[in-house]
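Coordinates in review
This is what each chain is made of:
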Amino acid sequence: MKHTSRDIRTANRYQVMRRIIASSPASRQELAAATGLSLATVATLVGELLDLGMVTEVGFEDSAGGRPRKLVAVNASGGALIGVDIAETYVRAELFDLALSVVARAEDEVRPGERRPERLTAQVAAAVGSVAARAGVAEDDVLGVGVSVPGQVDRDGGVAEYAPNWDWHDVPLRDLLAEHIARPLHLDNPLRACAVAELWFGAARGREDAVVVNLGTGVGAGLVLGGAVHRGVSNSAGEWGHTTLVLDGRACHCGNRGCVETYVGALGIMRNLRELAPDSPLLHPGDQTATVDALARGVAVGDPVAAQVVRDTARHLGAAVAGLVNVLNPEVVVLSSWVAAALGEPLLTEVREAVARHALRRPLAATEIVLSPIPTDPVCLGAATFALEGALTPAGRRPVPRAGRTV
């Protein structure tokens, strides 16, 4: 894939801004060392970020002799970013300042039968309007809206190409959203969103190679390779949830049988419970969240049925994760999203044991398996970084005047 000079400049701006957010305040010399860019390049990029009002100079570094170094920090009030998580059961929006701290949240339930694109775009628009109003942010101060949608996404075209759980095919989602939302829109899927969130703020921070396992209604693996999110040639990398785990196993929405998702996704977990104890009070038919929450409470009080369901789920998940460990040899595997957060440590313990039974010894010895430490919705956080990346394109935002300078 060819990269233009504009693509490279955007990527470099993005890396410098990421480092400033991560280690604010920082000197230009520190940023050059962290990014691998030349000091001259970093100085130019920092100047551009100052012109955009996204960073600010905050004094000088303490010096033991020699010329003191100027420090720059993120200008948290220099604009707002909105991240939207469109999931199978909810629409959630979070508004962030430029330091990527959450300022306001809004959420709405997605009911069965209400998953038509037109209905969901209206819910997204309402959530975006709600968080902006709660935060008291004017429309012009929102630099962009990042939207995560399940399935395979044409990022450049803004098209939800295939969402098997909704039977969506080639939905022009960005165009539909643009009818309601006037700010720049940036589309991708939760695998990339979770991977970016962990890379910036979570368990993958400072790691070169990581796998972020997204456990929700859908299942997938966000990949960090060589310190950057890996998208694949058609932005489809990470569809691990639709790899075959059990030959001729359970039917999947994608049309195949025995996919990982059918055993460890929320609906698969409900089926695990139904097959073990069809009359269990832990089972809430038609309500994934209530069932998973009931299982978590059951495990906490020693319910044997709940404990067995978590073990069965972890047994399948561990076998599938072992394949990722063997193939990718990552430094860390992160269990992320709402199912992992709900089942927590009991699931993690069982998964670690299951992976140890299936993975090769050498790659396993180099891999940590952890829960996501991100306290907010990692998908919203990652989606907000999509909007930040868009705002950092050379044409993404006009410079603002600096003191003593006219534009």
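Worth saying up front: this structure is predicted, and the values here are computed from it rather than measured. (Residues numbered from 1 in each chain as written. Predicted model: local features only at pLDDT ≥ 70, side-chain atom pairs only at ≥ 80, totals over all residues. Heavy atoms only, no water.)

With that out of the way, let us pick up the layout of surface pockets. Size it by volume and the second largest pocket reaches roughly 660 Å³. Looking at the lining of the second largest pocket element by element, the count peaks at four residues for helix α11 (residues 337-358). Here the residues of the lining of the second largest pocket are counted per class, giving 14 nonpolar, eleven polar and eight charged. (1 Å grid on protein atoms, 1.4 Å probe; cavity = no way out; pocket = protein on both sides within 12 Å on 5 of 7 lines; lining within 4 Å. Points joined across faces, edges and corners; volume = space filled by probe spheres on them. Helix = DSSP H or I, 4+ residues; strand = E, 2+ residues; numbered from the N terminus. Nonpolar A, V, L, I, M, F, W, Y, C, P; charged D, E, K, R; others polar.)

What follows concerns the sheet that holds strand β9 (residues 159-163). The three strands lie next to each other as β8-β9-β10, forming an open sheet whose pairing is antiparallel. The sheet is open, and its two edges are formed by β8 (152-154) and β10 (168-171), each paired on a single side. The sheet shows a mean angle of 15 degrees between the axes of neighbouring strands, taken without regard to direction. By the bridge criterion, three bridges tie β9 to β10 in an arrangement that is antiparallel. When the bridges of β10 are listed, A160 appears paired with V171. (Pairing = 2+ DSSP bridges. Axes fitted to C-alpha atoms, helices over the stretch in contact; angles between N-to-C directions.)

Taken in spatial order, the three strands of this open sheet run β1-β3-β2, and their pairing is antiparallel. Each having just a single partner strand, β1 (26-27) and β2 (55-60) make up the two edges of the open sheet. Examined bridge by bridge, β2 and strand β3 (residues 70-74) share four bridges and lie antiparallel to one another. Across the sheet, V55 pairs through a bridge with V74, a residue of β3. Taken strand by strand, helix α3 (residues 39-51) contacts β2 and β3, and its axis lies near 115 degrees from that of β2. (Contact = heavy atoms within 4.5 Å.)

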